[in-house]
Number of protein chains: 4
Amino acid sequence: MAGSSFGTLFKLSTWGESHGKAVGVVIDGCPAGIPLTTEDIQQDLDKRKPGQSAFATPRKEADQVDILSGVFEGKTTGTPLSLLVYNQNQRSKDYTKIADYYRPGHADLTYDLKYGFRDYRGGGRSSGRETIGRVAAGAVAKKILKALGISITTYTKSIGKIHIDLDRFNKEQIWQNPLCMPDSHAVEAAATYVKSLMKAGNSCGGIIESYVEHLPAGLGEPVFDRLDAELAKAIMSIGSVKGFEIGNGFEASSLTGLENNDFYGYKQGLIVKESNHAGGIYGGISDGSKLVLRAAIKPTPSIHATQKTINQSGEEINISIQGRHDPIIVPRAVIVVESMVAVTIVDMLLRNMGSQISHIKKIYTKQ
Amino acid sequence: MAGSSFGTLFKLSTWGESHGKAVGVVIDGCPAGIPLTTEDIQQDLDKRKPGQSAFATPRKEADQVDILSGVFEGKTTGTPLSLLVYNQNQRSKDYTKIADYYRPGHADLTYDLKYGFRDYRGGGRSSGRETIGRVAAGAVAKKILKALGISITTYTKSIGKIHIDLDRFNKEQIWQNPLCMPDSHAVEAAATYVKSLMKAGNSCGGIIESYVEHLPAGLGEPVFDRLDAELAKAIMSIGSVKGFEIGNGFEASSLTGLENNDFYGYKQGLIVKESNHAGGIYGGISDGSKLVLRAAIKPTPSIHATQKTINQSGEEINISIQGRHDPIIVPRAVIVVESMVAVTIVDMLLRNMGSQISHIKKIYTKQ
Amino acid sequence: MAGSSFGTLFKLSTWGESHGKAVGVVIDGCPAGIPLTTEDIQQDLDKRKPGQSAFATPRKEADQVDILSGVFEGKTTGTPLSLLVYNQNQRSKDYTKIADYYRPGHADLTYDLKYGFRDYRGGGRSSGRETIGRVAAGAVAKKILKALGISITTYTKSIGKIHIDLDRFNKEQIWQNPLCMPDSHAVEAAATYVKSLMKAGNSCGGIIESYVEHLPAGLGEPVFDRLDAELAKAIMSIGSVKGFEIGNGFEASSLTGLENNDFYGYKQGLIVKESNHAGGIYGGISDGSKLVLRAAIKPTPSIHATQKTINQSGEEINISIQGRHDPIIVPRAVIVVESMVAVTIVDMLLRNMGSQISHIKKIYTKQ
Amino acid sequence: MAGSSFGTLFKLSTWGESHGKAVGVVIDGCPAGIPLTTEDIQQDLDKRKPGQSAFATPRKEADQVDILSGVFEGKTTGTPLSLLVYNQNQRSKDYTKIADYYRPGHADLTYDLKYGFRDYRGGGRSSGRETIGRVAAGAVAKKILKALGISITTYTKSIGKIHIDLDRFNKEQIWQNPLCMPDSHAVEAAATYVKSLMKAGNSCGGIIESYVEHLPAGLGEPVFDRLDAELAKAIMSIGSVKGFEIGNGFEASSLTGLENNDFYGYKQGLIVKESNHAGGIYGGISDGSKLVLRAAIKPTPSIHATQKTINQSGEEINISIQGRHDPIIVPRAVIVVESMVAVTIVDMLLRNMGSQISHIKKIYTKQ
């Protein structure tokens, strides 16, 4: 029970179902004194909004966020932020059909088994709309990170079997194409691929990559609450994510120690590494270099193509899922991954503050 | 701060450093009435014990566990179990050299940056010896699972680029070869490969796979504390793990929805699936089918081969790490992965108990 | 940081300030299948609503609750309940004066010291309006308790030095008089007393008592999360509460063991006690008898009478607090105390479910 | 389940039963760099040790603490401290008799009801020996507080109806008399009283008071995790505590606002208060003045005088509890109360560190 909150000191509690009245998040533990406006949050919410391209559900949602508490005279007060988005486009009739059967690849059956029944409209709590709260919280977290000079970059690394080419990596393109790929050649190939799947009533998956720059060293708590372990939980908690890796991840399993170790050196008095296979984390603690992670996203389970399933009357049936669905979740999930990285880092940053007695003394000398 | 505990209701707190007096774990939240002996725990500890094969460090540790609390007349009492193993073979002199420099691939530098200094002997808290507490707790968790008819099977899936062949999968072999591979052909090839690396003073990594059978449906809490997210954290919190996946994991990212969805059917009145790409979890909740997960393990960072690094005097140096090290961590990590799966499942099982009001009524009707 | 949530399995997160847009609560961990309507919550909120008697602030607030998530077809779904009340009567101009000085007995100074600044309107987060979220959550908790046959009775035990007489105790009167005293003679005396204080621009405090009947035995976790310890935290977390006791409480400190011990006996095959000085809890665990607790409430700090204080310009000044204030907080706090008792008991009840292995087996045999 | 840990960032997990092999505590989240020796801990343990005066059980326990982890070269490393005390004087035969009946005032019955059975020797987990772990952790916490200039003073305020006289308050006497009273007249009267009770095979209770000086302002998290709420939980979690109050506590309930409010003024540029009825906390947050709290301790339930109870065969019986018991728990509980105050304050101090964005910036500017 009680699995809708995340974080120890920077703590989010998301709430809301796809076709309920609203969705939202309460953020408890946001430091006081951070300038925060609705617009700060809205610009990230707009990045996950549906109806914006040929590759996303045409369902229109305004998704206007309201800050109900925790901000006074334009700054956070240290008390909980309550952020809310009303659901406006609740075409429930699209979903009444599915009340009786279990959609393959969805959580219909497991919610029924766990709770005895479920809100079947649009997936209820397991819907992607739950991520609105995460993205809103992520926007707040990123304001904190920005004040500390920490930045996160997140993008689509692959769609189906089409991967971006690092030689053509162009950060500027990420939010300028509907697939969030930082490589215009890959965008073209992927767009063609996704369109062909759409015609066939099919869908596809992909990989999202995120990196964090200017992260302080020392974040992450041994031994269970390692930075990579907390990030793994954060990312795996996003619907449709089936795999997580840090640094070179699964590739490390096939390398030798000599190939995989990152060698240290000095450059102009600073510690440098010849490589960063570890992705900026050793023993679960950040070393101040670039943190790199990836999430594997499964193909959208809701497809028009015919599928075999069962209904609650005990019959095997064939279904074709109607309604408005994304042929690929990946681009809309990019900002969700980034948000979870941001909230995790803020939480670990706050948790790290008292790790040395000298840190504590530094803050309390003026009392 | 405070990252050495895991779980909400079945809660472990591990403690201890490689070359301190002892290592151990406190388990808080173990249900009362479970038969538990030292032997139950010892048999799992013996599976991670060093000095047992050509492929593990020859360091000898008796690793005898003592139950200091929480058991009365052979049964758990419901109060905390304190399990302790004294460190016996503390050849600290092997390690004094490394106090001055940072070993590539280790947490030496990050501990220094986080805490201002560190226990440099044998890696201190970041040492693999910390996992003794996890394995001891896992043994207790498995007693609970056994009482409920739930079983876990864990093994080496690959070493370097050598993968087991599912057609030759033989569960009985797992603990009968030093590499924990359930495929005798793969064992042979891997043994040859590891020996060649040992000669070169090098090391390698691999992949561990684990599956759980007879798991009840309904485990896992939406939306952050999903079963797969909790497992991801549990597994990624093990040192040397760089990637985690559930079901078909990263492979799902390159499939289409039609290929990846698991279709439902009925067989003799029971719900069956034609495939299990999801690995037994939808929307973060178990469906009662086989749960499957994998962990990517990096190659042992401690190698005899020459490496470039820096020391605390600001010099770049070449080192060759001496002492006794595993050429491959994978086989010794198999029981660690299994233990973390076990404790996670017990915790989620306890957390799920009150999910329906009818469940609560069932327990309290007799009062 | 992050102190606005309460509970482990039945977890509330309240949010909102006195003069912000709204106040509310997210309840995570409510079991599925509980019938719940707006009216169930509204009737408790109405008990704390201002403007209802001569003894409460005449400030009118409709305080209409809205259920934004977690209920489908009239029943809880197991997912988070988001309950919200918009603030309607925000006469901020009453409060602008106080931005510059620190009101004695209030949290003005401490919020400034902690956060660097504060929302000074109406006390911001430290306002009594925060308790709306607690009461709403308490109403939900009481629906669960009702389904299990557990009931809570809460009332004013004393106002100033006027105590109720147990010989005249009449439960029916609690919600029929504006002071919530179950003794009509005491009501009369207290009303006269409070009126005299109101004329003098002064205020008073009192004691609230609460008892729980038909509580199952076994609730409470040794050794820190005892039922009485959790209740103490729950009750002391309510603004203006300065003391907490269980059973005979402070009186026990002046008794002998022979006087204070509760002797056991049998009556018609059931265990009975000759007394209940312990208030139904031994070793932190409920014994199934009547649970009894008390909270000491300080006098309302906002008074019209002249007080000495300081302003932010470094001056000592005399103030007379204007605006609409309760001459006594006690009656409006009765439902708040009851709510916190209810949520604590539900949480401890859920936490207790897996305490014996046989309990776990009972739930999972059908899988 | 899982109630044996306390704290969010400075987290203790105590373990051990009265007549098990050992008792101990794991402290997770202790900042690195604090000088710590066995002696630091031993001197506090010695203050709760039995067998030291006519007013305590003559049971002899060496209670020698061992530091098993978390300290390297005389300083804490930031990783978990494991502190252990072996039980040496386990005269279990004293207790076998009580396996069959329920001692009035003890947790015998409630443990049986909760867990199905219990370790009946010496009270098992509900024994006062559990507090060894708390006192050991408190000693560590006090080392941190000392480094920050914060001090705690704790003493017996009353025994039975005999209260100390503030006019004779002499801090130096606290640890120089077996009753821990800072007033030699009160000591004499109380000693006579306790001796008379001992002759009658009876026991008594008392009140413990604690105050904290030089506490920084800003500690305590609104709204549930207020400093007073956390302290209430900490203190009420100690066995035999039946009441808790902060500042003037229950007395506040009978005062008027004008009497109870603490007026502010300036003195040499610093904020001063004319009184401190609030005990240093407003809105749950410390204001930097003296923090004052009290705990009501019930009389020792184990008495030689004849008591009526029941056994497990369904009979009503008369018992006279033999064995070695304290006629009064209060003096031995003084250090336990102080320890819980210390650990709570350290935890809240660490939690407060990131409350303002400027605090975070201050720590991370050097990265």
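Residues numbered from 1 in each chain as written. Chains lettered and ligands numbered in written order. Predicted model: local features only at pLDDT ≥ 70, side-chain atom pairs only at ≥ 80, totals over all residues. Heavy atoms only, no water.

- Within an unreviewed UniProt entry, the label attached to chain A reads Chorismate synthase, and the organism entered is Vallitalea pronyensis.
- Turning to chain A, the UniProt record has this under Pathway (unreviewed entry): "Metabolic intermediate biosynthesis; chorismate biosynthesis; chorismate from D-erythrose 4-phosphate and phosphoenolpyruvate: step 7/7."
- You can read under Subunit (unreviewed entry) in the UniProt record for chain A the words "Homotetramer." (UniProt positions renumbered as here; feature names shortened; annotations may be inferred.)

1. Remarks on the overall build of chain A
Thought 1: Within chain A one finds 8 helices and 18 strands.
Thought 2: Here the C-alpha radius of gyration of chain A, 22 Å, is about what a compact globule of 367 residues would show, namely 21 Å.
Thought 3: Counting only C-alpha atoms, chain A reaches 65 × 50 × 35 Å along its principal axes.
Thought 4: Across the 367 residues that make up chain A, the buried fraction comes to 70%.
Thought 5: For chain A, contacts bridging at least 24 residues in sequence account for 68% of all contacts bridging at least 6.
Thought 6: Of the roughly 11,200 Å² of accessible surface on chain A, a fraction of 49% belongs to carbon and sulfur atoms.
Thought 7: The average position of the 42 basic charges and that of the 38 acidic charges among the side chains of chain A differ by 3 Å. (Helix = DSSP H or I, 4+ residues; strand = E, 2+ residues; numbered from the N terminus. Rg over C-alpha atoms; globule rule 2.2 N^0.38 Å. Buried < 20%, exposed > 50% of the residue type's maximum accessible area, 1.4 Å probe, protein only. Contact = heavy atoms within 4.5 Å. Areas by Shrake-Rupley, 256 points an atom, 1.4 Å probe, with all protein chains shown as cover. Lys, Arg positive; Asp, Glu negative; His and termini not counted. Charge placed at Lys NZ, Arg CZ, Asp CG, Glu CD.)

2. Topic: the interface of chain C and chain A
One widely used convention gives an interface's size as the accessible area the parts lose upon coming together.
Thought 1: Taken together, the contact between chain C and chain A spans 47 residues of the former and 47 residues of the latter.
Thought 2: Interface area, chain C with chain A, both sides summed: about 3,600 Å², of which 64% is carbon and sulfur.
Thought 3: At the boundary of chain C and chain A, one finds 2 salt bridges.
Thought 4: For Lys-21 of chain C, the salt bridge is made with Asp-66 of chain A, and the minimal N-O distance between the two is 2.6 Å.
Thought 5: On inspection of chain C and its partner chain A, the count reaches 13 residue pairs in polar contact (both at pLDDT 80 or more).
Thought 6: Ranked by residues supplied to the side of chain C that touches chain A, first place goes to strand S2 (residues 11-16) of chain C with 5 residues.
Thought 7: The residue makeup of the side of chain C that touches chain A, split by class, is 20 nonpolar, 16 polar and 11 charged. (Buried area = accessible area lost by both parts, 1.4 Å probe. Salt bridge = Lys/Arg side-chain N within 4 Å of Asp/Glu carboxyl O. Polar contact = N/O pair within 3.5 Å; in protein donor to acceptor, adjacent residues only side chain to side chain. Nonpolar A, V, L, I, M, F, W, Y, C, P; charged D, E, K, R; others polar.)

3. Focus: the UniProt feature "binding site: FMN" (unreviewed entry) in chain A
All names here are of chain A.
Thought 1: UniProt records the feature "binding site: FMN" (unreviewed entry) at Arg-125, Ser-126, Ser-127, Gly-283, Lys-298, Pro-299, Thr-300, Pro-301, Ser-302 and Arg-324, using the numbering of this structure. Across 200 residues in sequence, these annotated residues place their C-alpha atoms as far as 44.5 Å from one another, rather than forming a single compact spot.
Thought 2: One can find Ser-126 in the loop between helix H2 (108-115) and helix H3 (131-147).
Thought 3: Ser-126 has contacts with Ala-107 and Tyr-111, leaving out every residue within four places of it along the chain.
Thought 4: A distance of 2.9 Å separates a polar side-chain atom of Ser-126 from the backbone oxygen of Gly-123.
Thought 5: Topologically, Pro-301 is positioned in the loop between strand S16 (291-297) and strand S17 (307-310).
Thought 6: Look at Pro-301 and you get buried, because its relative accessible area is 7%.

4. A short note on the pairing of S2 of chain C
Residue and element names in this part refer to chain C.
Thought 1: With 6 of 6 residues buried, S2 is to be regarded as a mostly interior element.
Thought 2: As judged from the 2 bridges shared by strand S1 (residues 5-6) and S2, these two strands associate in the antiparallel manner. Residue pairing for S2: Ser-5 is matched across the bridge by Ser-13.
Thought 3: Counting the residues in the hairpin turn of S1 and S2 gives 4 residues, including Gly-7, whose phi is positive at 105 degrees.
Thought 4: Where S2 and strand S3 (residues 22-28) come together, 6 bridges link them in antiparallel fashion. The residue of S3 that forms the bridge with Gly-16 is Val-23.
Thought 5: Hairpin connection, S2 to S3: the antiparallel pair is bridged by 5 residues. (Pairing = 2+ DSSP bridges.)

5. A word on the relation of the copies chain C and chain A
Thought 1: If you rotate chain C by 180 degrees and push it 0.0 Å along the axis, it lands on chain A with an RMSD of 0.0 Å. Here the transformation between the copies is reduced to the relation of a two-fold axis. (Least-squares fit on C-alpha atoms with pLDDT ≥ 70 in both.)

6. Some remarks on the pattern of salt bridges
Residue and element names in this part refer to chain A.
Thought 1: According to the stated counting rule, one finds 100 salt bridges over all chains in the structure shown.
Thought 2: The partner of Asp-44 in a salt bridge is Lys-142, with the nearest N and O atoms 2.7 Å apart. Of this pair, Asp-44 sits in helix H1 (residues 38-48) while Lys-142 sits in helix H3, placing them 98 residues apart in sequence.
Thought 3: Taking the relative accessible area as the measure of exposure, Asp-44 reaches 5% and is therefore buried.
Thought 4: Its relative accessible area of 17% is what places Lys-142 among the buried residues.

7. Details of the interface of chain C and chain D
Thought 1: With 108 residues of chain C in contact, the opposing surface of chain D contributes 109 residues.
Thought 2: In total, about 8,700 Å² of surface goes out of reach between chain C and chain D, with carbon and sulfur atoms giving 60% of it.
Thought 3: When residues of chain C are sorted by the area they lose upon contact with chain D, Lys-114, Phe-224 and Tyr-264 of chain C head the list and together hold 10% of the total.
Thought 4: Where Glu-274 of chain D meets Lys-308 of chain C, a salt bridge forms, and the shortest distance between an N and an O atom there is 2.6 Å.
Thought 5: On the surface where chain C and chain D come into contact, there are 61 residue pairs in polar contact (both at pLDDT 80 or more).
Thought 6: Here strand S11 (residues 241-246) of chain C pairs with strand S11 (residues 241-246) of chain D via 3 bridges, running antiparallel.

8. Focus on empty space enclosed by the protein
Unfilled space is identified by rolling a water-sized probe across the atoms.
Thought 1: Enumeration over the complete set of coordinates arrives at 17 cavities of 30 Å³ or more.
Thought 2: Roughly 1,400 Å³ of internal volume is contained in the largest cavity.
Thought 3: In terms of lining, the largest cavity is formed by 48 residues, of which the most central are Lys-11 of chain A, Lys-11 of chain B, Thr-8 and Lys-11 of chain C together with Lys-11 of chain D.
Thought 4: Grouping the amino acids of the lining of the largest cavity by side-chain chemistry returns 12 nonpolar, 12 polar and 24 charged. (1 Å grid on protein atoms, 1.4 Å probe; cavity = no way out; pocket = protein on both sides within 12 Å on 5 of 7 lines; lining within 4 Å. Points joined across faces, edges and corners; volume = space filled by probe spheres on them.)

9. Here we look at the packing of helix H4 (residues 131-147) of chain B against helix H8 (residues 330-352) of chain B
Two packed helices can be described by the angle between their axes and the distance between those axes.
Residues and elements named next belong to chain B.
Thought 1: Relative orientation of the contacting elements H4 and H8 amounts to 50 degrees, with a least axis distance of 7 Å. The angle between H4 and H8 falls in the class oblique. Note that H4 runs across H8; the crossing there is left-handed. Here Thr-131, Arg-134, Val-135, Ala-137, Gly-138, Ala-141, Lys-142, Ile-144 and Leu-145 of H4 come into contact with H8, specifically with Ile-335, Val-336, Glu-338, Ser-339, Met-340, Ala-342, Val-343, Ile-345, Val-346 and Leu-349.
Thought 2: Of the residues in the contact of H4 with H8, the class split is 13 nonpolar, 3 polar and 3 charged. (Axes fitted to C-alpha atoms, helices over the stretch in contact; angles between N-to-C directions. Parallel < 35°, antiparallel > 145°, perpendicular 65-115°, else oblique. Left-handed = near helix turned anticlockwise from the far one by under 90°.)

10. Quick notes on the sheet that holds strand S3 (residues 22-28) of chain A
Residue and element names in this part refer to chain A.
Thought 1: Strand order in the open sheet made by the 5 strands is S1-S2-S3-S7-S4, with antiparallel pairing throughout. Each edge of the sheet is formed by a strand with only one pairing partner; in this case those strands are strand S1 (5-6) and strand S4 (65-69).
Thought 2: Where S4 and strand S7 (residues 81-86) come together, 4 bridges link them in antiparallel fashion. Paired with Val-65 across the strands is Val-85, a residue of S7.

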